[in-house]
Amino acid sequence: MTRIPRIPNLGGARAFILHRPHPTVQAITRQLSAIGLVTLDCWPELPPEALAADFVFFDADLGFDEQFPWKPGEAPMPLVALIGSEAPGRIEWALSHNADAQLLKPVGTAGVYSALLIARQSFEARKNLAGEISSLRQRVAERQTIVRAVAALSKGTDDERAYAQLRSLAMSWQISVEDAARRIVAMMSEETGEEGGDDQSHRA
(Lines give C-alpha, C1' and ligand atoms only; values in the text may rest on other atoms or scores of the structure.)
Protein backbone atom coordinates (compact mmCIF):
# COMPACT_ATOMS: atom_id res chain seq x y z
CA MET A 1 0.00 0.00 0.00
CA THR A 2 1.43 3.35 -1.06
CA ARG A 3 2.08 5.71 1.80
CA ILE A 4 0.63 9.19 1.22
CA PRO A 5 3.01 11.92 2.44
CA ARG A 6 1.56 14.06 5.19
CA ILE A 7 1.06 17.71 4.27
CA PRO A 8 3.37 19.69 6.57
CA ASN A 9 2.28 22.75 8.51
CA LEU A 10 4.32 25.61 7.08
CA GLY A 11 3.13 28.30 9.47
CA GLY A 12 6.04 30.16 11.03
CA ALA A 13 8.60 28.93 8.48
CA ARG A 14 11.09 31.48 7.11
CA ALA A 15 11.53 32.06 3.40
CA PHE A 16 14.12 34.25 1.69
CA ILE A 17 13.34 35.70 -1.75
CA LEU A 18 16.56 36.33 -3.67
CA HIS A 19 15.28 38.60 -6.42
CA ARG A 20 15.76 42.17 -7.50
CA PRO A 21 12.93 44.58 -6.50
CA HIS A 22 10.06 43.55 -8.76
CA PRO A 23 6.31 42.85 -8.70
CA THR A 24 7.29 39.15 -8.63
CA VAL A 25 8.64 39.64 -5.10
CA GLN A 26 5.43 41.33 -3.99
CA ALA A 27 3.27 38.53 -5.46
CA ILE A 28 5.30 35.82 -3.73
CA THR A 29 5.36 37.72 -0.45
CA ARG A 30 1.56 38.07 -0.44
CA GLN A 31 1.08 34.35 -0.96
CA LEU A 32 3.70 33.37 1.60
CA SER A 33 2.23 35.71 4.20
CA ALA A 34 -1.24 34.25 3.60
CA ILE A 35 0.16 30.77 4.22
CA GLY A 36 1.80 31.95 7.44
CA LEU A 37 5.46 32.18 6.45
CA VAL A 38 7.86 34.91 7.51
CA THR A 39 9.43 36.40 4.37
CA LEU A 40 12.61 38.36 3.76
CA ASP A 41 13.66 39.64 0.37
CA CYS A 42 17.24 40.44 -0.60
CA TRP A 43 19.42 41.27 -3.59
CA PRO A 44 22.01 40.76 -4.95
CA GLU A 45 23.07 38.03 -2.51
CA LEU A 46 21.81 36.04 0.43
CA PRO A 47 22.89 37.20 3.89
CA PRO A 48 24.58 34.71 6.27
CA GLU A 49 21.35 34.33 8.29
CA ALA A 50 19.77 32.72 5.22
CA LEU A 51 21.58 29.53 6.23
CA ALA A 52 18.86 29.07 8.86
CA ALA A 53 16.01 29.61 6.39
CA ASP A 54 13.38 26.97 5.68
CA PHE A 55 13.03 27.90 2.00
CA VAL A 56 14.83 30.06 -0.54
CA PHE A 57 13.28 31.43 -3.71
CA PHE A 58 15.90 32.57 -6.22
CA ASP A 59 15.89 34.34 -9.56
CA ALA A 60 17.06 31.93 -12.24
CA ASP A 61 17.23 34.68 -14.88
CA LEU A 62 19.87 36.92 -13.31
CA GLY A 63 21.28 34.60 -10.66
CA PHE A 64 24.95 33.68 -10.23
CA ASP A 65 26.88 31.29 -7.99
CA GLU A 66 28.39 33.94 -5.72
CA GLN A 67 24.93 34.91 -4.47
CA PHE A 68 24.77 31.82 -2.30
CA PRO A 69 26.74 31.13 0.92
CA TRP A 70 27.18 27.49 -0.16
CA LYS A 71 28.54 25.55 -3.11
CA PRO A 72 26.24 24.81 -6.09
CA GLY A 73 24.00 21.87 -5.29
CA GLU A 74 24.69 21.95 -1.53
CA ALA A 75 21.87 24.14 -0.26
CA PRO A 76 20.82 23.18 3.28
CA MET A 77 17.16 23.92 2.56
CA PRO A 78 14.62 23.50 -0.29
CA LEU A 79 15.14 25.87 -3.23
CA VAL A 80 12.47 27.23 -5.57
CA ALA A 81 13.68 28.62 -8.89
CA LEU A 82 11.87 31.67 -10.29
CA ILE A 83 12.05 31.22 -14.04
CA GLY A 84 11.16 33.84 -16.62
CA SER A 85 13.64 33.01 -19.37
CA GLU A 86 13.72 29.50 -20.79
CA ALA A 87 17.20 29.97 -22.25
CA PRO A 88 18.99 26.60 -21.95
CA GLY A 89 21.93 28.16 -20.13
CA ARG A 90 19.69 29.66 -17.46
CA ILE A 91 17.77 26.41 -16.96
CA GLU A 92 21.04 24.50 -16.74
CA TRP A 93 22.34 26.93 -14.13
CA ALA A 94 19.18 26.55 -12.02
CA LEU A 95 19.51 22.77 -12.25
CA SER A 96 23.14 22.97 -11.12
CA HIS A 97 21.84 24.37 -7.84
CA ASN A 98 19.43 21.43 -7.44
CA ALA A 99 16.30 23.55 -7.53
CA ASP A 100 13.61 21.46 -5.84
CA ALA A 101 10.67 23.22 -7.48
CA GLN A 102 10.01 26.07 -9.86
CA LEU A 103 7.66 28.99 -10.38
CA LEU A 104 7.19 30.56 -13.78
CA LYS A 105 7.24 34.34 -13.95
CA PRO A 106 5.23 36.44 -13.92
CA VAL A 107 3.91 34.99 -10.65
CA GLY A 108 0.17 35.40 -10.25
CA THR A 109 -2.12 34.91 -7.29
CA ALA A 110 -1.49 31.17 -6.88
CA GLY A 111 1.20 28.53 -7.20
CA VAL A 112 3.45 29.33 -4.25
CA TYR A 113 1.87 26.85 -1.83
CA SER A 114 2.22 23.90 -4.20
CA ALA A 115 5.79 24.96 -5.01
CA LEU A 116 6.60 24.93 -1.28
CA LEU A 117 5.18 21.44 -0.80
CA ILE A 118 6.89 20.03 -3.89
CA ALA A 119 10.19 21.65 -2.92
CA ARG A 120 10.00 20.26 0.63
CA GLN A 121 9.16 16.76 -0.60
CA SER A 122 11.90 16.79 -3.26
CA PHE A 123 14.49 18.14 -0.84
CA GLU A 124 13.71 15.51 1.82
CA ALA A 125 13.80 12.71 -0.75
CA ARG A 126 17.15 13.92 -2.09
CA LYS A 127 18.56 14.25 1.43
CA ASN A 128 17.39 10.74 2.37
CA LEU A 129 18.90 9.31 -0.82
CA ALA A 130 22.22 11.05 -0.13
CA GLY A 131 22.18 9.58 3.38
CA GLU A 132 21.55 6.08 2.05
CA ILE A 133 24.35 6.41 -0.52
CA SER A 134 26.74 7.65 2.17
CA SER A 135 25.78 4.74 4.42
CA LEU A 136 26.33 2.21 1.61
CA ARG A 137 29.72 3.72 0.78
CA GLN A 138 30.70 3.52 4.42
CA ARG A 139 29.66 -0.12 4.60
CA VAL A 140 31.67 -0.95 1.47
CA ALA A 141 34.69 0.88 2.89
CA GLU A 142 34.33 -1.02 6.18
CA ARG A 143 34.20 -4.37 4.38
CA GLN A 144 37.31 -3.47 2.41
CA THR A 145 39.04 -2.54 5.66
CA ILE A 146 38.05 -5.88 7.22
CA VAL A 147 39.44 -7.72 4.17
CA ARG A 148 42.73 -5.81 4.49
CA ALA A 149 42.91 -6.51 8.23
CA VAL A 150 42.24 -10.23 7.72
CA ALA A 151 44.87 -10.36 4.98
CA ALA A 152 47.38 -8.65 7.28
CA LEU A 153 46.66 -11.07 10.12
CA SER A 154 46.62 -14.21 7.99
CA LYS A 155 49.71 -13.32 5.96
CA GLY A 156 48.29 -15.42 3.15
CA THR A 157 47.59 -18.57 5.16
CA ASP A 158 44.27 -19.15 6.90
CA ASP A 159 41.70 -16.40 6.42
CA GLU A 160 39.12 -18.01 8.72
CA ARG A 161 41.59 -18.19 11.57
CA ALA A 162 42.66 -14.59 10.90
CA TYR A 163 39.04 -13.43 10.99
CA ALA A 164 38.53 -15.26 14.28
CA GLN A 165 41.64 -13.52 15.59
CA LEU A 166 40.23 -10.17 14.46
CA ARG A 167 36.98 -10.85 16.33
CA SER A 168 38.92 -11.88 19.41
CA LEU A 169 40.94 -8.65 19.27
CA ALA A 170 37.75 -6.63 18.90
CA MET A 171 36.31 -8.29 22.00
CA SER A 172 39.46 -7.75 24.04
CA TRP A 173 39.63 -4.11 22.96
CA GLN A 174 35.87 -3.76 23.57
CA ILE A 175 35.25 -2.21 20.16
CA SER A 176 33.44 -3.31 17.02
CA VAL A 177 35.00 -5.61 14.44
CA GLU A 178 35.04 -2.68 11.99
CA ASP A 179 36.93 -0.46 14.46
CA ALA A 180 39.32 -3.29 15.22
CA ALA A 181 39.96 -3.77 11.51
CA ARG A 182 40.70 -0.06 11.11
CA ARG A 183 43.08 -0.23 14.05
CA ILE A 184 44.90 -3.27 12.58
CA VAL A 185 45.19 -1.63 9.14
CA ALA A 186 46.51 1.57 10.69
CA MET A 187 49.06 -0.36 12.77
CA MET A 188 50.24 -2.30 9.72
CA SER A 189 50.49 0.91 7.72
CA GLU A 190 52.66 2.48 10.42
CA GLU A 191 54.91 -0.57 10.49
CA THR A 192 55.36 -0.62 6.72
CA GLY A 193 55.51 3.16 6.40
CA GLU A 194 52.47 3.28 4.13
CA GLU A 195 50.03 6.13 4.14
CA GLY A 196 47.23 4.13 5.70
CA GLY A 197 45.02 5.53 6.95
CA ASP A 198 43.09 8.52 7.49
CA ASP A 199 41.61 6.56 10.36
CA GLN A 200 42.83 7.55 13.79
CA SER A 201 40.78 5.06 15.82
CA HIS A 202 43.88 3.07 16.86
CA ARG A 203 44.99 6.08 18.89
CA ALA A 204 41.86 6.05 21.00
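Everything below is about the structure printed above this text.
Residues numbered from 1 in each chain as written. Predicted model: local features only at pLDDT ≥ 70, side-chain atom pairs only at ≥ 80, totals over all residues. Heavy atoms only, no water.

J.: What's the story with the nonpolar core in this structure? I'm lost.
T.: Among soluble globular proteins, nonpolar side chains are generally buried collectively. I28, L32, L37, F55, F57 and L116 are the most contacted members of the largest nonpolar core, which has 21 residues in total. Of the residues forming this core, the biggest block, 5 residues, is contributed by helix 3 (residues 112-154). Counting residues in each nonpolar core, the second largest holds 18 residues, with F16, M77, A81 and I83 among its members. (Core = buried A, V, L, I, M, F, W, Y, C linked by side-chain atoms within 4.5 Å. Buried < 20%, exposed > 50% of the residue type's maximum accessible area, 1.4 Å probe, protein only. Helix = DSSP H or I, 4+ residues; strand = E, 2+ residues; numbered from the N terminus.)

J.: Please explain helix 3 as it appears in this structure.
T.: Note: α-helices contain 3.6 residues per turn, so residues at a spacing of three or four share the same orientation. For helix 3, which comprises 43 residues, the first-to-last C-alpha distance of 63 Å matches the rise-based estimate of 63 Å (1.5 Å per residue) to within 8%. Following helix 3 by one or two positions, K155 adopts a phi angle in the positive range, close to 55°. (Expected span 1.5 Å × (residues − 1).)

J.: Could you clarify how one ought to interpret the packing of helix 1 (residues 23-35) against helix 3 in this entry?
T.: How two helices sit against one another is set out by the angle between their axes and by the gap between those axes. The contact between helix 1 and helix 3 brings their axes to 9 Å, and the two run at 70°. With respect to helix 3, the element helix 1 is oriented roughly perpendicular. Seen from helix 1, the contacting residues are I28, Q31, L32 and I35; seen from helix 3, they are V112, Y113 and L116. Broken down by class, the residue content of the contact of helix 1 with helix 3 amounts to 6 nonpolar, 1 polar and no charged. (Axes fitted to C-alpha atoms, helices over the stretch in contact; angles between N-to-C directions. Parallel < 35°, antiparallel > 145°, perpendicular 65-115°, else oblique. Contact = heavy atoms within 4.5 Å. Nonpolar A, V, L, I, M, F, W, Y, C, P; charged D, E, K, R; others polar.)

J.: Before we go on, may I ask you to explain helix 4 (residues 159-173) in this structure?
T.: The end-to-end C-alpha separation of helix 4 is 21 Å, in line with the 21 Å expected for 15 residues at 1.5 Å each. Every buried residue belonging to helix 4 is among A162, L166 and A170, and all of these are buried. The buried residues of helix 4 occupy one face: seen down the axis, they fall within an arc of 85°. Of the exposed residues in helix 4, those oriented more than 90 degrees away from the buried face are E160, R161, M171 and S172. (Arc of directions from axis to C-beta.)

J.: Explain the packing of helix 3 against helix 4 here, please?
T.: Their axes nearest at 8 Å, the elements helix 3 and helix 4 cross at an angle of 110°. For the element pair helix 3 / helix 4, the angle class is roughly perpendicular. Residues I146, A149, V150, L153 and S154 of helix 3 touch helix 4, and the partners they reach there are D159, A162, Y163, Q165 and L166. Broken down by class, the residue content of the contact of helix 3 with helix 4 amounts to 7 nonpolar, 2 polar and 1 charged.

J.: Quick question: what am I supposed to make of the pairing of strand 3 (residues 55-59) here?
T.: It is a general feature of regular strands that their side chains alternate between the two faces of the sheet. The buried fraction of strand 3 amounts to 5 of the 5 residues, a majority that puts the element mostly inside the structure. Neither face of strand 3 is exposed, since F55, F57 and D59 on one face and V56 and F58 on the opposite face are all buried. The sheet contact formed by strand 1 (residues 14-18) and strand 3 spans 4 bridges and is parallel. Paired with L18 across the bridge in strand 3 is F58. (Pairing = 2+ DSSP bridges.)

J.: Help me understand the pattern of salt bridges in this model?
T.: Pairing between side chains of opposite charge can happen when the charged atoms of each approach one another. Applying the stated rule across the entire model yields 7 salt bridges. Measuring nitrogen to oxygen at the nearest pair gives 2.8 Å for the salt bridge that ties D59 to R20. Of this pair, D59 sits in strand 3 while R20 sits in the loop between strand 1 and helix 1; the two residues are 39 residues apart in sequence, bridging distant segments of the chain. Judged by relative accessible area, which is 1%, D59 ranks as buried. For R182, the salt bridge goes to D179, with nearest N and O atoms at 2.2 Å. Note that R182 and D179 are positioned in helix 5 (residues 177-192) at a spacing of 3 residues, about one turn of the helix. (Salt bridge = Lys/Arg side-chain N within 4 Å of Asp/Glu carboxyl O.)

J.: In this structure, what is going on with the sheet that holds strand 3? I would like to understand it.
T.: Where strands meet in a sheet, backbone hydrogen bonds hold them as pairs that are either parallel or antiparallel. Pairing is parallel in the open sheet, where 5 strands are placed in the order 2-1-3-4-5. Edge positions in the sheet fall to strand 2 (38-42) and strand 5 (101-104), since each of these pairs with one other strand and no more. Strand-to-strand twist in this sheet, taken as the mean axis angle between neighbours without regard to direction, amounts to 20°. Most of the contacts of helix 1 go to strand 1, to which it runs at about 170°, and overall it touches strand 1, strand 2, strand 3 and strand 4 (79-83). Packing against the sheet, helix 3 makes contact with strand 3, strand 4 and strand 5, and its axis sits at approximately 160° to strand 5.

J.: Would you mind going over the packing of aromatic side chains with me for this structure?
T.: Centre distance and the angle of the planes are the two values used to describe a pair of aromatic rings. Applying the stated criterion across every chain, the model contains 4 aromatic pairs. By the ring-pair criterion, three or more aromatic residues cluster together here, those being F58, F68, W70 and W93. One residue, R183, lies across the ring of W173, its end atom 4.6 Å from the ring centre. (Phe/Tyr/Trp six-rings, centres within 6.5 Å; stacked < 30°, edge-to-face > 60°. Lys NZ or Arg CZ within 6 Å of the ring centre and 35° of its normal.)

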